[in-house]
Structures are given as structure tokens and as C-alpha cells.
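Results of the structural survey
What follows is each chain in one-letter form.
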Amino acid sequence: MPQKFMFFTMNKFSICLVFFFLLTASKSFSQEEDAGLWTSIDISKKLSNGYTVSISEELRFNENVTELGTAFIEIGISHKIFKHLTGSIAYRFIQAKRMDDSYSIRHRLFIDLAYRIKYKKVIFTLRERLQSQVKDVQSSDAGFSPQYTSLRSKLTVKYDTDKKYTPWLACEMFYQLSNPEGNEIDNMRYSLGVDYKFNKKNSMSLFYLINEEVNLNNPLTSYIIGVNYSYSF
């Protein structure tokens, strides 16, 4: 099982590398670019029988870090199904800024399955996320404005330094599942960062992320600095 998983994850990683090089090669053709800052706080509580509940809040600044583009609160619960596999479900309440400076209210529900395995000092985690989102309830005859259901595949590779810090890199693909005009990849994310563990309860993560819209007429590429603080008990 571990060998099959590593072969599968390396295939995923190879696809991400191809997208990364295509992204680098096509920068001169990008029509829109932006710089952002993402800040978040996570609090989690371990329960009995392998369950963990969590709540988090995140602020995402865009327009070259001059305005608050998105803010959300998320609550979720996860469960360790067996040694390498964890499942979770979460709800996210989102406020996203419109062009007229008002905020759109969005509701997102997602389900995750994450498979984690360690090979020597390298830790591979493959997470598959199925998410569905609606926005602006009571804004149409249907009661809301629907958005696409998506499958998000994310591969994270960490290196265990046996110290308080852990460097990592990740690649994520967003694939549409309910686009009436045809399903396709519409977003790619590439990130690298470092986690720092102060003690058993407190940790922090710093990262740099490139978020690229693809298969769109006017794609936006964002270059983002992120910082996350986590408290678990």
C-alpha cells in the first residue's frame, strides 16, 4: 500500500511540476496580477475516539494588500479513520468583497479525505476535497446564486528535521464538477513554507503562495504571503 501511494503521489507531484513550469513560462502573458496577505488563527480540541473539533478565522487582503477582499469563519470536525487516513467535514461562512465595495455572503460545505505516509524523513500527504458553495441567498428566484461544485486535490510534502521547524511545499488543483459548459481545471496553487512548533499546544506557519486562475478569459495570478497561528489542546 505505501509503495502504491507513493507512486500515485509522485504522479500528482509531477503534474503539479508541469503546471508550475508552464506557469513560470507564461508569466509574460498573464493579464492580471496582484499581491496579497492571508492571516489566520486556528483553535482545535482533541476529543475521544480519534475525533477533533476545530474553529478558525481568516482574513485575506488583496489589491496589493490595500483592502480586505475575503473574511471567513470555519468550523469542522475530523476523525482518524485508520492509521494513515483521516476524514473531515466543515462549514465555512464567507464574506467576499464585490466590485461596488459591498460584500457577498457565501456558504461553503466541504468533505476531506487525507492520506498521510512517512518515508524516512519525508512526509507525503494527499488530500482530496469535495466542496460545494452557494452565495447571496434570496438573490434570485431559486433563493440563491449557485456556484460550481469542485474537487480540490492537494499534495503536501514535508521534511522532518527533528527540530521545532518543518519546511514544506504543496501543490493544489481545483477541478470543476458541475459546470454546464464543461468541467475543467480552473485554479492552481503552488506554495512553500515552514511550520514552527513553540510547544505542544502552540505553533505557527509562514508561507508563500502563488494562486493562478486558468482556462479563463482574464486570468488573475496572485502572489501571497501567509501567516497562520494554531492552538490545540
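Scroll up for the structure.
Overview of the structure.

Attention now moves to the overall build of the protein. Looking only at helices and strands, the protein has one helix and 12 strands in total. Secondary structure elements of the protein occur, N-terminal to C-terminal, as α-β-β-β-β-β-β-β-β-β-β-β-β. For the protein, with 233 residues in total, the buried portion stands at 36%. Taken as a whole, the protein presents about 14,000 Å² of accessible surface, with 61% of it coming from carbon and sulfur.

This part covers unusual backbone geometry. A negative phi angle characterises most non-glycine residues, just as the trans form characterises most peptide bonds. A positive phi angle, close to 50 degrees, is found at Glu-63, a residue other than glycine. Look at Glu-63 and you get partly exposed, because its relative accessible area is 44%. The backbone of Lys-120 shows a phi angle near 55 degrees, a positive value even though the residue is not glycine. With respect to the helices and strands, Lys-120 occurs in the loop between β5 (103–119) and β6 (122–135). A relative accessible area of 68% places Lys-120 in the exposed class.

The next thing to look at is the packing of aromatic side chains. Applying the stated rule across the entire model yields three aromatic pairs. Aromatic side chains Trp-168 and Phe-207 sit 6.4 Å apart centroid to centroid with 45 degrees between the ring planes, which places their arrangement in the tilted category. Highlighted residues: Trp-168 in strand β9 (residues 165–176) and Phe-207 in strand β11 (residues 202–213), separated in sequence by 39 residues. Judged on exposure class, the residue Trp-168 and its partner Phe-207 are both buried. Ring geometry for Tyr-196 and Phe-198: centres 5.0 Å apart, planes at 70 degrees, overall edge-to-face. Overall, Tyr-196 belongs to the partly exposed group, its relative accessible area being 35%. Looking at Arg-92, its charged tip hangs above the ring of Phe-72, at a distance of 4.0 Å from the centre.

The rules behind each value
Residues numbered from 1 in each chain as written. Predicted model: local features only at pLDDT ≥ 70, side-chain atom pairs only at ≥ 80, totals over all residues. Heavy atoms only, no water. Helix = DSSP H or I, 4+ residues; strand = E, 2+ residues; numbered from the N terminus. Buried < 20%, exposed > 50% of the residue type's maximum accessible area, 1.4 Å probe, protein only. Areas by Shrake-Rupley, 256 points an atom, 1.4 Å probe, with all protein chains shown as cover. Phe/Tyr/Trp six-rings, centres within 6.5 Å; stacked < 30°, edge-to-face > 60°. Lys NZ or Arg CZ within 6 Å of the ring centre and 35° of its normal.

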